[in-house]
Amino acid sequence: MSKNIPISLLELAIVTKGSNASETLIKTKELAQTADDLDFNRIWLAEHHNMQHVASSATVVLIGYIAENTKNIRVGSGGIMLPNHSPLIIAEQFGTLETLYPNRIDLGLGRAPGTDGLTAQAIRKDFYEESQQFPKNVSALQSYLSQENSTSKVRAFPGEGLQIPIWILGSSMDSAALAAAYGLPYAFAGHFAPKVMVEAFEFYRENFEPSDYLSQPKTMACVNFIGAETAEKATILSTSLYQMFLGLIQNNRKPLQPPLENLDGLMNEAEAYHVNQMTACTFVGDKLHLVKELKKFINFTQIDELMITSPIFNHQDKIASLKIAKEVMDEINS
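A quick note: this is a predicted structure, and the numbers were derived from the prediction, not measured. (Residues numbered from 1 in each chain as written. Predicted model: local features only at pLDDT ≥ 70, side-chain atom pairs only at ≥ 80, totals over all residues. Heavy atoms only, no water.)

1. Side note on the pairing of strand 8 (residues 282-285)
The alternating pattern of strand 8 places Thr-282 and Val-284 and Phe-283 and Gly-285 on opposite faces, both of which are buried. Of the strand pairs in this sheet, strand 7 (residues 219-227) and strand 8 are connected by four bridges, and their pairing is parallel. By the bridge assignment, Ile-226 is partnered in strand 8 with Val-284. (Buried < 20%, exposed > 50% of the residue type's maximum accessible area, 1.4 Å probe, protein only. Helix = DSSP H or I, 4+ residues; strand = E, 2+ residues; numbered from the N terminus. Pairing = 2+ DSSP bridges.)

Rendered as structure tokens:
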């Protein structure tokens, strides 16, 4: 490889069958500590609402919990859904986090609600209008965090003047255009919406405008990753992920299900098509296979950083997969 590609972790705090939110958050902490010990670059938590089996709804609180229980790894949002919030409040919250955990906090921003339409309305009545104001609200948030805001009548304390990296998150050309125009780093949700990822990265790089925050384009792709000591075991572990995506398509929300011996008869042809489209950026196998496939992926996409997410049922299997991911990236970067 011509450049060193850092590896990072996206954690959705998904509740597994037979577990609960309390156990899930403790497991999330243990995963973060493992990633920290393995020198992962960052761990991000995602904002979701009205999902019984996702424990990351109070994302800022969870970021603080993870940062408090780790030492070096960067901790942030993947992402904060900005239309749900006032830019001033986010500036204050992340300013507080950055004050408590200096040089370790990231602020990833998305424009989706992270939930269904009814819940989005419950979060704020004007959600649709605010989603249309996403670029303006990103600018407002940048202003609150800037030293230049010190002469304003409305200021963010703590927050003002702090160098908190802002990332634009997305799964479409709109997000690529915004990240490019604002000169901000760009992270793509390849783990569930990979269809236009390469096109979006190309557009972002071609249209990138250098800014005070970033002099050249910076891209990160998030992918599904399931590693095990054998290809056979990894394939079995991956059945939990495919069951999860099938549940999304069927609107049949369940906790993360135990793995199956195989997926035979689980989906009809149409369901299999949609699941395969959503999971096209999924890497499953033993170390040798994963090195080969991820090397091809990195060369093809030309990303600057890889983020993985691993919906694996058993906690120890998930920790083992995390260790394999680091070994894979060490080999690719060597």
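2. What about the packing of aromatic side chains?
Counted according to the given criterion, the structure contains seven aromatic pairs. Ring plane angle 80 degrees and centroid distance 5.5 Å describe the contact between Trp-44 and Trp-167, whose orientation is recorded as edge-to-face. Pair noted here: Trp-44 is in strand 2 (residues 42-45) and Trp-167 is in strand 5 (residues 166-170), with a separation of 123 residues, a long-range link. Overall, the relative accessible area of 1% leaves Trp-44 in the buried class. For Trp-167, a relative accessible area of 2% translates into the label buried. Judged by centre distance (5.3 Å) and plane angle (45 degrees), the rings of Tyr-186 and Tyr-204 are tilted. (Phe/Tyr/Trp six-rings, centres within 6.5 Å; stacked < 30°, edge-to-face > 60°.)

3. Some points on the nonpolar core
Within the largest apolar cluster, 73 residues are counted, with the highest numbers of intra-cluster contacts made by Phe-40, Phe-94, Leu-107, Phe-297 and Ile-308. With seven residues, the top contributor of residues to this core is helix 13 (residues 315-333). In this structure Phe-297 touches Met-197, Ala-221, Val-223, Cys-281, Phe-283, Ile-303 and Leu-306, once residues within four positions along its chain are discounted. By size, the runner-up hydrophobic cluster in this structure holds twelve residues, among which are Trp-44, Leu-169, Met-220 and Leu-256. (Core = buried A, V, L, I, M, F, W, Y, C linked by side-chain atoms within 4.5 Å. Contact = heavy atoms within 4.5 Å.)

4. A word on the pattern of salt bridges
For the structure on display, the rule yields 14 salt bridges. For Asp-106, the salt bridge identified is with Arg-42, shortest N-O distance 2.7 Å. With Asp-106 in strand 4 (residues 105-110) and Arg-42 in strand 2, this residue pair connects regions lying 64 residues apart in the sequence. Like Asp-106, the residue Arg-42 is buried in the burial classification. For Glu-305, the salt bridge is made with Arg-42, and the minimal N-O distance between the two is 2.9 Å. With Glu-305 in strand 9 (residues 305-309) and Arg-42 in strand 2, this pair connects stretches of sequence that are 263 residues apart. In the salt-bridge network here, residues are joined through shared partners; they are Arg-42, Arg-74, Asp-106 and Glu-305. (Salt bridge = Lys/Arg side-chain N within 4 Å of Asp/Glu carboxyl O.)

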